[in-house]
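# Examining the three-dimensional arrangement
Now for the letters of each chain:
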Amino acid sequence: MNFAPDLSTVTHGIQLAVAPVFLLTAVSGMIAAVAGRLARIIDRARFLENRLESGGVEPAKAIRMYAELRELRQRGWLVNSCIALLTFCAMLIGTTIILLFLGETSALNILRTATVCFLAGVVFFLLALLCFLAETLLATRLLKFAELPVRPPN
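Conventions adopted
- Residues numbered from 1 in each chain as written.
- Predicted model: local features only at pLDDT ≥ 70, side-chain atom pairs only at ≥ 80, totals over all residues.
- Heavy atoms only, no water.
- Helix = DSSP H or I, 4+ residues; strand = E, 2+ residues; numbered from the N terminus.
- Buried < 20%, exposed > 50% of the residue type's maximum accessible area, 1.4 Å probe, protein only.
- Contact = heavy atoms within 4.5 Å.
- Core = buried A, V, L, I, M, F, W, Y, C linked by side-chain atoms within 4.5 Å.
- Expected span 1.5 Å × (residues − 1).
- Salt bridge = Lys/Arg side-chain N within 4 Å of Asp/Glu carboxyl O.
- Patch = residues over 30% accessible without salt bridge, like charges linked within 9 Å, V, L, I, M, F, W, Y side chains within 5 Å.
- Areas by Shrake-Rupley, 256 points an atom, 1.4 Å probe, with all protein chains shown as cover.

On the secondary structure map, R37 appears in helix α2 (residues 21-54). Residue classification places R37 among the buried residues on the basis of a relative accessible area of 17%. Distance in space between the C-alpha atoms of R37 and E135 is 9.5 Å, their sequence separation being 98 residues. Apart from residues no more than four positions distant in its own chain, R37 is found in contact with R75, F132, E135, T136 and A139.

The following block contains the structure:
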């Protein structure tokens with residue numbers, strides 16, 4: 001493998017490879033946000049499971065709690081899928097950065113591979129966004145927006 005002999009080629013290679021880092025930053029921020037959602041799902045599921053295991057829950061309420069646990073399991077699956085997709089996205093973007101730098105600073109002809117890695121990373125990011133949207137919609141479906149009791153006019 002022959003590397004570029006001059007500084008301007010190396011500098012251009014670094015500039016070219018840094019552009020995907022912005023996407024990598026967005027991915028890491030989204031992983032942090034989604035991991036926070038997963039933590040809240042786990043906390044709520046543990047709370048419900050502890051209440052059910054301790055006993056003393058009336059049957060009608062226990063049925064609602066088991067239904068909520070089912071939905072929390074679905075949300076957990078979506079969030080885990082989202083994190084997996086984001087992780088694959090980050091790995092592909094990182095590979096893209098390496099390939100772009102090597103392609104610019106060496107005689108390797110790897111532009112096509114870098115393009116495929118970048119596009120695959122974007123596809124994984126979009127799929128992760130779909131999982132995030134589905135989980136968010138499921139979470140808001142669980143909410144019970146109670147209305148204030150209506151007082152009769154005097």
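Picking up after the structure, the text goes on.
Moving on, we get to the environment of F132. Along the chain, the position of F132 falls in helix α4 (residues 111-142). It is 9.9 Å that separates the C-alpha atoms of F132 and R37, two residues lying 95 residues apart in sequence. Discounting chain neighbours no more than four positions away, the residues touching F132 are M30, V34, R37 and C82.

Attention shifts here to the nonpolar core. Among the nonpolar cores identified, the biggest contains 24 residues, and V34, C82 and L86 are the most heavily contacted of them. At the level of elements, α2, α3 (59-105) and α4 are the ones that each hand at least two residues to this core. It is α3 that provides the largest number of residues to this core, a total of 12 residues. Setting aside chain neighbours within four positions, we find L86 in contact with V27, M30, I31, V34, F125 and A128.

For the rest of this paragraph, the subject is α2. For α2, which comprises 34 residues, the first-to-last C-alpha distance of 49 Å matches the rise-based estimate of 50 Å (1.5 Å per residue) to within 8%. Residues of α2 that are buried include every one of L23, V27, M30, V34, R37, L38, I41, A45, L48 and L52, and no others. Count one or two residues on from α2 and you reach G55, which has phi positive near 80 degrees.

One pass over the full model with this rule turns up 4 salt bridges. Across the pair R37 and E135 runs a salt bridge whose closest N-O atoms are separated by 2.6 Å. Residue R37 is located in helix α2, and its partner E135 is located in helix α4; the two are separated by 98 residues in the primary sequence. One exposure class covers both R37 and E135, and it is buried. A salt bridge links E68 to R44; the nearest nitrogen and oxygen atoms lie 2.8 Å apart.

Now for a nonpolar patch on the surface. A cluster of nonpolar residues, V123, L127, L130, L133 and L137, forms a patch on the protein surface that exposes about 460 Å² of accessible area. Locating L133 in the fold gives a position in helix α4. With a relative accessible area of 46%, L133 lands in the partly exposed category.

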